Amino acid sequence: MIDFNKIVNKLWKMRGEFIDIDDISDIVDPDFRKKSLNKRSPTYKVLYRLKGSNILIPIKQWLYYVPESENINIEWIVEDGYWRIVKKILSREVWGEYFISGNKALEILMKDYSAPKKLIVSGKDTTKNLQISKTYSLSVRPITSGKKTLNRNIYSFFKRYTDSLEIDDQKLRIACPELALLDTLLIRDTDNGIDQYLVEKFLKRSSKILRREILGKLVSMKYITAINRLRSIAQDMKNISVYEMCIDIIKQEGGGCFVSGEKTSKTL
């Protein structure tokens, strides 16, 4: 293990950064760290001193911030470094097996990178609810198909319809426009329901980029209710192209669910 003052000097060079317990272990005892990922006794002893001296500020259980000054506001630090923190958490907690979907993905696609109070991401296996700070939380949920396809895990299928986007110098996996839109049209929060304003805003800006082939493949696995909601919104907005695309998808990939008595485009 290297001298404590040398550890402090190394951390001072990392001021303004977020580091995890593995990063600290590498600094504290690099030779030992290469031999074992489990025996962290030297790390914990030094970590106690580093926190006591305010050289490291805890963000969550294994995540720390190297402060640039003595007087800091944790909530402000979290908001300012939000996407760096999210990337650290997702890399560690789900080993990078995730994609951001739903409302926040739709906002990101419209260049809104603000920090949501609660970020919901789709993951591969287990559900995880993680508190980042008093204000911010992150929920990882496995993605499953509907009853028709036995509610099986379809994360690997849906991951094909995601893209890697850079936010604040962090590469994050985001749902493609079609997947983000359909996911936004699912009701997860019974108190707030669907964010129809967000959906309409997206359609006004970007409805022409929607790909019928991808929407159809997604609906064949899930999202029959969501495509019907999209059809209804497009009808109200008099967006004929999206409306007719939805009708065709419902008939072809959705088994014709909920389209009896539909108006034609001429009556829109």
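Residues numbered from 1 in each chain as written. Predicted model: local features only at pLDDT ≥ 70, side-chain atom pairs only at ≥ 80, totals over all residues. Heavy atoms only, no water.

1. Some words on the packing of helix α9 (residues 177-184) against helix α11 (residues 212-221)
What counts is decided by this rule: Helix axes are fitted only over the stretch in contact, all axes being lines through C-alpha atoms; the angle between N-to-C directions runs from 0 to 180 degrees. Helix and strand assignments follow DSSP, with helices taken as H or I runs no shorter than four residues and strands as E runs no shorter than two, numbered in order from the N terminus. For classification purposes, angles smaller than 35 degrees are called roughly parallel, those larger than 145 roughly antiparallel, those between 65 and 115 roughly perpendicular, and all remaining angles oblique. The crossing is said to be left-handed when, going from far helix to near helix, the turn is anticlockwise and less than a right angle, and right-handed when the turn is clockwise. We call two residues in contact whenever any of their non-hydrogen atoms come within 4.5 Å of each other. Polarity classes work like this: nonpolar for Ala, Val, Leu, Ile, Met, Phe, Trp, Tyr, Cys and Pro, charged for Asp, Glu, Lys and Arg, and polar for all others, with Gly in that last group.
Where α9 meets α11, the closest approach of the two axes is 9 Å, and the angle between their N-to-C directions is 45°. Comparing the axis directions of α9 and α11 gives the class oblique. Crossing of α9 over α11 shows right-handed handedness. Two secondary-structure elements touch here, α9 through Glu 178, Leu 179 and Leu 182 and α11 through Ile 214, Leu 215, Leu 218 and Val 219. Classifying every residue of the contact of α9 with α11 gives 6 nonpolar, no polar and 1 charged.

2. With respect to the environment of Leu 179
This is how the line gets drawn: Relative accessibility decides the category of a residue: with a 1.4 Å probe and only protein chains considered, values under 20% of the type maximum give buried, values over 50% give exposed, and everything between is partly exposed.
Positionally, Leu 179 belongs in helix α9. Under the relative-accessibility criterion, Leu 179 is labelled buried at 0%. When the C-alpha positions of Leu 179 and Ala 105 are compared, they lie 9.1 Å apart, and in sequence the two are 74 residues distant. For Leu 179, the residues in contact, after removing those within four places along its chain, are Phe 99, Ser 101, Phe 158, Tyr 161, Thr 162, Leu 218 and Tyr 223.

3. Overview of the packing of helix α12 (residues 224-236) against helix α13 (residues 240-252)
Relative to each other, α12 and α13 sit at 155°, their axes nearing to 8 Å. Accordingly, the angle class assigned to the pair α12 and α13 is roughly antiparallel. Seen from above, α12 lies across α13 with left-handed handedness. The segment α12 lies against α13, with Ile 227, Asn 228, Leu 230, Arg 231, Ala 234 and Gln 235 engaging Val 242, Tyr 243, Cys 246, Ile 247, Ile 249 and Ile 250. Within the contact of α12 with α13, the residues separate by chemical class into 9 nonpolar, 2 polar and 1 charged.

4. Details of the packing of aromatic side chains
Applied cut-off: To pair, rings of Phe, Tyr and Trp, with the six-membered ring standing in for Trp, must have centres within 6.5 Å; the planes then decide the type, stacked if under 30 degrees apart, edge-to-face if over 60, and tilted in the middle.
Per the stated rule, a full pass over the model turns up 7 aromatic pairs. Taking the centre distance of 5.8 Å and the plane angle of 15° together, the rings of Phe 99 and Tyr 155 count as stacked. Taken together, the positions of Phe 99 in strand β4 (residues 98-100) and Tyr 155 in helix α8 (residues 155-159) put the pair 56 residues apart, joining distant regions of the chain. What makes Tyr 155 buried here is its relative accessible area of 1%. On the numbers, 5.6 Å between centres and 65° between planes, the contact of Phe 157 with Tyr 161 is edge-to-face. Each member of the pair, Phe 157 as well as Tyr 161, is classed as buried.

5. Overview of the pattern of salt bridges
Filter applied, for reference: For salt bridges, the criterion is a side-chain nitrogen of Lys or Arg within 4 Å of an Asp or Glu carboxyl oxygen.
Across all of its chains, the model carries 11 salt bridges by this definition. The partner of Glu 107 in a salt bridge is Lys 104, with the nearest N and O atoms 2.8 Å apart. With Glu 107 and Lys 104 both in helix α7 (residues 102-109) and 3 residues apart, this pair spans about one turn of that helix.

6. Overview of the sheet that holds strand β1 (residues 18-20)
As a reminder, the rule being used: Any two strands with at least two DSSP-identified bridges between them are counted as paired.
Spatially, the 3 strands line up as an open sheet ordered β1-β3-β2, and their pairing is antiparallel. Every other strand in the sheet has two partners, leaving β1 and β2 (57-60) as the edge strands with one partner each. Strand-to-strand twist in this sheet, taken as the mean axis angle between neighbours without regard to direction, amounts to 35°. Both β2 and strand β3 (residues 63-65) contribute to a ladder of 3 bridges, which runs antiparallel. The residue bridging Lys 60 from the neighbouring strand is Leu 63, located in β3.

From the geometry alone we can't say anything about function, so treat these as descriptive.
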